[in-house]
Amino acid sequence: MDCIFCTLFDSNYLDKGITLYKSMERCIPEFRLYAFAFDDTCFRILKSEGFSNLVPISLSEFETPELLKVKTERTRAEYSWTCSSWIIKHVLDHYKEPICTYIDADMEFFSDPQPVFDEMRSKGCSTIIVPHRFKDEATEKEAHDKQGSYCVEFNTFVNDQNGYEALT
């Protein structure tokens, strides 16, 4: 199964996270979503809903001393951007998944994404990463140091040497 996803959100984004999950139920025949709850309220609600294909993960399970140090130095948004690659790594390491795709919690699926993964596999790739695609080169250069070259919204890493090395 290639449709293994992770996302992160807090109780302020809970409605978006549940909408994402419901769209996955409508469009993807077989999937798993690891939802990293960024506050206790969010975690409690996700646990109580008992969504069959959703694995709620609390901050206490996920945060490391290294992340906790960074958390004090960044805004809430910057911290969540920082955590996106860490949660993929957490899913690959702790849940031993063969692949994991980070998706933003405010996304919605309108069709099965399996053809994207089929194409990735047919080309022998271990990652899918999406560049920002700013409107022009000047804007891209200006945003690079703060936002990086790649957009966080949909990034896939296969749990093999190439995928794991790129993620790390």
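Residues numbered from 1 in each chain as written. Predicted model: local features only at pLDDT ≥ 70, side-chain atom pairs only at ≥ 80, totals over all residues. Heavy atoms only, no water.

A. Geometry of the pattern of salt bridges. Scanning all chains against the criterion turns up ten salt bridges. A salt bridge links Lys-123 to Glu-119; the nearest nitrogen and oxygen atoms lie 3.0 Å apart. For Glu-119, a relative accessible area of 44% puts it in the partly exposed group. (Salt bridge = Lys/Arg side-chain N within 4 Å of Asp/Glu carboxyl O. Buried < 20%, exposed > 50% of the residue type's maximum accessible area, 1.4 Å probe, protein only.)

B. Structural view of the nonpolar core. Core analysis: the biggest nonpolar cluster contains 46 residues, and Phe-5, Cys-6, Met-24, Leu-33, Phe-36, Leu-46 and Phe-62 have the highest contact counts within it. When residues of this core are assigned to their parent elements, the largest contribution, six residues, is made by helix α5 (residues 76-94). Excluding anything up to four places from it in sequence, Cys-6 contacts Leu-33, Tyr-34, Phe-36, Ile-87, Ile-88, Val-91, Cys-100, Thr-101, Tyr-102 and Ile-103. (Core = buried A, V, L, I, M, F, W, Y, C linked by side-chain atoms within 4.5 Å. Helix = DSSP H or I, 4+ residues; strand = E, 2+ residues; numbered from the N terminus. Contact = heavy atoms within 4.5 Å.)

C. Layout of the pairing of strand β2 (residues 32-37). Where burial is concerned, most of β2 is hidden: five out of the six residues are buried. The pairing of strand β1 (residues 4-9) with β2 spans six bridges and is parallel. Residue pairing in the sheet places Phe-9 in a bridge with Ala-37 of β2. Crossover handedness for the path β1 to helix α1 (residues 14-27) to β2: right-handed. Where β2 and strand β3 (residues 54-58) come together, five bridges link them in parallel fashion. Counted as the bridge partner of Ala-35 is Pro-56 from β3. The parallel pair β2 and β3 is bridged by helix α2 (residues 40-49), and the resulting crossover is right-handed. (Pairing = 2+ DSSP bridges. Right-handed = clockwise from strand over helix to strand, strands pointing away.)

D. The arrangement of the packing of aromatic side chains in detail. For the coordinates displayed, the defined rule picks out eight aromatic pairs. Judged by centre distance (6.1 Å) and plane angle (50°), the rings of Phe-38 and Tyr-79 are tilted. Placement of Phe-38 in the loop between β2 and α2 and of Tyr-79 in helix α5 is noted, with a sequence separation of 41 residues between them. The buried category is assigned to Phe-38, whose relative accessible area is 14%. Judged by relative accessible area, Tyr-79 falls into the buried class, the value being 4%. (Phe/Tyr/Trp six-rings, centres within 6.5 Å; stacked < 30°, edge-to-face > 60°.)

E. Quick look at the side chain of Asp-39. Inspection of the secondary structure puts Asp-39 in the loop between β2 and α2. Among the polar contacts made by the side chain of Asp-39, one reaches the main-chain amide nitrogen of Cys-42 at a distance of 2.8 Å. Look past the residues within four positions of Asp-39 in its chain and what remains in contact with it is Asp-10 and Ser-11. (Polar contact = N/O pair within 3.5 Å; in protein donor to acceptor, adjacent residues only side chain to side chain.)

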